[in-house]
Amino acid sequence: DMESLTKFPSTLVELLDGFKASKAMFVACKLKVFDLLKGKAHLKAKDVADHISASVCGTERLLDSCTALQLLKKTNQGYSNTGLAEKYLVSDSEYSLHGYIMHANDHVWPLFTHLESAVKEGTNQNHRAFGKNVQDLFQDSYYHSMETKLRFMNAMHSIMKLTARDVATAFDLSRFRSACDLGGCTGTLAQVLIQEYPNLKVTVFDLPDVIENVSGFQPTGQDTSRITFTSGDFFKDNIPEADLYILSRVLHDWPDDKIDALLSKISDLCTPGSGLLLNEMVLDDKNRNRSAWLQSLNMLVQTEGKERSSYEYRCLLEQHGFRNVKIVQTGSLLDTILCTKC
Ligand code: SAM
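Novice: Can you tell me about the pairing of strand β4 (residues 201–206), naming the residues and giving the values?
Specialist: For a regular strand, side-chain orientation follows a simple rule: the groups alternate between the two sheet faces. In terms of residue burial, β4 counts as a mostly covered element, since 5 of its 6 residues are buried. Pairing geometry for β4 and strand β5 (residues 227–231), over 5 bridges, is parallel. Opposite Val204, over in β5, you have Phe229 as the bridge partner.

Given below as C-alpha cells:
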C-alpha cells in the first residue's frame, strides 16, 4: 500500500541522524549541562544558558534535542537529568563516561571527518585532522601537550572503569601471584584486580608521560599497596617479570611487525604456566558486533592498528608459543582472551 511505499526505513533514519545525536550529546557534555543539572536540579533554558555562557535560543534547542534523546526530562519547572545522564554523563559520577566523550569529541570526531581519505589511502588521518605528521602515535599525537595527554588518560580511565570488573572476572586468575599490565595507563584495571584477587600484586607499566601523571586517578581510602607503577617503553626497555601479562587495548594500536616484537619479548620472559590476558573488542564472523566493527574503523582513522577476529588472535598467540587459548566474548565493550605459555 501507499503508506508502506512512502515510509522511510527506520534503520536508515537512525543512521542519518546518528552523527547529529552523537554531537548533541558531546556538546552538552562539553558545556557541562549535565553537571549543572546534577542532583535534583531543574533549570529553565535561560538559566542554563546564563551558567554556560551560551545563547538562549541555541541552548534551548540543545536542551530540547537532549530531551528527545532521553538524556534530559522537561517539565513545567524546567529541564533535569534522566537517570542515564545522572549516572554516566555527570563528570564526577563514579561511572562517568565524560572523559571518554571528551576524547570522542575533541580527538575522534575530527579524525572521522576524514574517513573517506582513510578508506582510500588505508592510513590514519592525524595529518589531515591535526595538521602534523605523526611518527610516534603516543608522543606526537595523544601526548603532545599536557591537555591532550590528560584528556587521553581520562578517556582510558573512564572507559576501563565500566569494563574492568567484567574483564577481571571473565576467567579465574587466582593461580597467579604477580601480574604486569603493559600499557596499563592509570591503573584502573589493576585496582579491580587487587580487589578480586587478594593474593595478587600488579605492576602497571606505561610510558613515563603517563606514569608521571597517574596520582590524580588513584582512589582515596582504598589500599593500593599491592599496585606498583613502573615507567618505560615496552618496545625498547626491559619489562618487569610477572606470572601473568596483561595487554588491554594495546595490540589494536599497532601494525603486525610491532605486535610480533612485543609478543616475542613477552613470550621470552614467560616460563611454562605463565599467562597472557588480552582484552580487546573481538571481531565476530557474522559482523553482528557493531561496536567492534566500528572500533576497527576507529583504529584505521587514528592508529596503525586494527581489531582482529578470535581466529586471528589465536594464530598470533600460538605463533608465539602460547596454548590453551580461551576467549570470552562478553558482548560489551571488551572481550577477553586468556592463554598459557607452554
Ligand atoms: N590498557 C588501558 C586500557 O585498556 O584502558 C589503556 C589502553 S591505551 C589504548 C594504550 C596504552 O598503551 C596507553 O596507556 C599508552 O600510554 C600505552 N603505551 C603506548 N605505547 C607504549 C610503549 N611503547 N610502552 C609502554 N606503554 C605504551
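Next comes the rest of the account.
Novice: Give me the lowdown on the site of the ligand, citing residues and values where you can.
Specialist: Lining the immediate environment of the ligand, one finds 18 residues, of which Tyr143, Gly183, Asp206, Asp233 and Phe234 sit closest. Separating an oxygen atom of the ligand from a side-chain N or O atom of Tyr143 is a distance of 2.6 Å. Contacts to the ligand include Arg249, whose side-chain N or O atom sits 3.2 Å from an oxygen atom. Summarising the interface, the protein chains cover 96% of the accessible area of the ligand, which totals 590 Å² for the free molecule. Top element by residues in the shell around the ligand is helix α11 (residues 146–169). It accounts for 3 residues.

Novice: Please give an account of helix α12 (residues 188–196) that cites residues and values.
Specialist: Buried residues dominate α12, accounting for 7 of its 9 residues. Those residues of α12 that fall on the buried side of the exposure criterion are Thr188, Leu189, Ala190, Gln191, Val192, Leu193 and Ile194. Packing partners of the buried residues in α12 comprise α11, β3 (178–182), β4, β5, β6 (244–248) and β7 (275–280).

Novice: Kindly report on the pattern of salt bridges, identifying the contributing residues and their values.
Specialist: Applying the stated criterion across every chain yields a total of 13 salt bridges. The shortest N-O distance in the salt bridge between Asp106 and Arg151 comes to 3.7 Å. Here the residue Asp106 occupies a position in helix α7 (residues 98–112), and Arg151 occupies one in helix α11, the gap between them amounting to 45 residues. Lys149 serves as the salt-bridge partner of Asp209, at 2.7 Å between the closest nitrogen and oxygen. You can see Asp209 sitting in helix α13 (residues 208–211) and its partner Lys149 sitting in helix α11, a full 60 residues away along the chain. Assigned by exposure class, Asp209 and Lys149 land together as buried. Because the salt bridges share partners, they merge into one network encompassing Lys30, Asp106 and Arg151.

Cut-offs applied
- Residues numbered from 1 in each chain as written.
- Predicted model: local features only at pLDDT ≥ 70, side-chain atom pairs only at ≥ 80, totals over all residues.
- Heavy atoms only, no water.
- Buried < 20%, exposed > 50% of the residue type's maximum accessible area, 1.4 Å probe, protein only.
- Helix = DSSP H or I, 4+ residues; strand = E, 2+ residues; numbered from the N terminus.
- Pairing = 2+ DSSP bridges.
- Near = heavy atom within 4 Å.
- Polar contact = N/O pair within 3.5 Å; in protein donor to acceptor, adjacent residues only side chain to side chain.
- Areas by Shrake-Rupley, 256 points an atom, 1.4 Å probe, with all protein chains shown as cover.
- Contact = heavy atoms within 4.5 Å.
- Salt bridge = Lys/Arg side-chain N within 4 Å of Asp/Glu carboxyl O.

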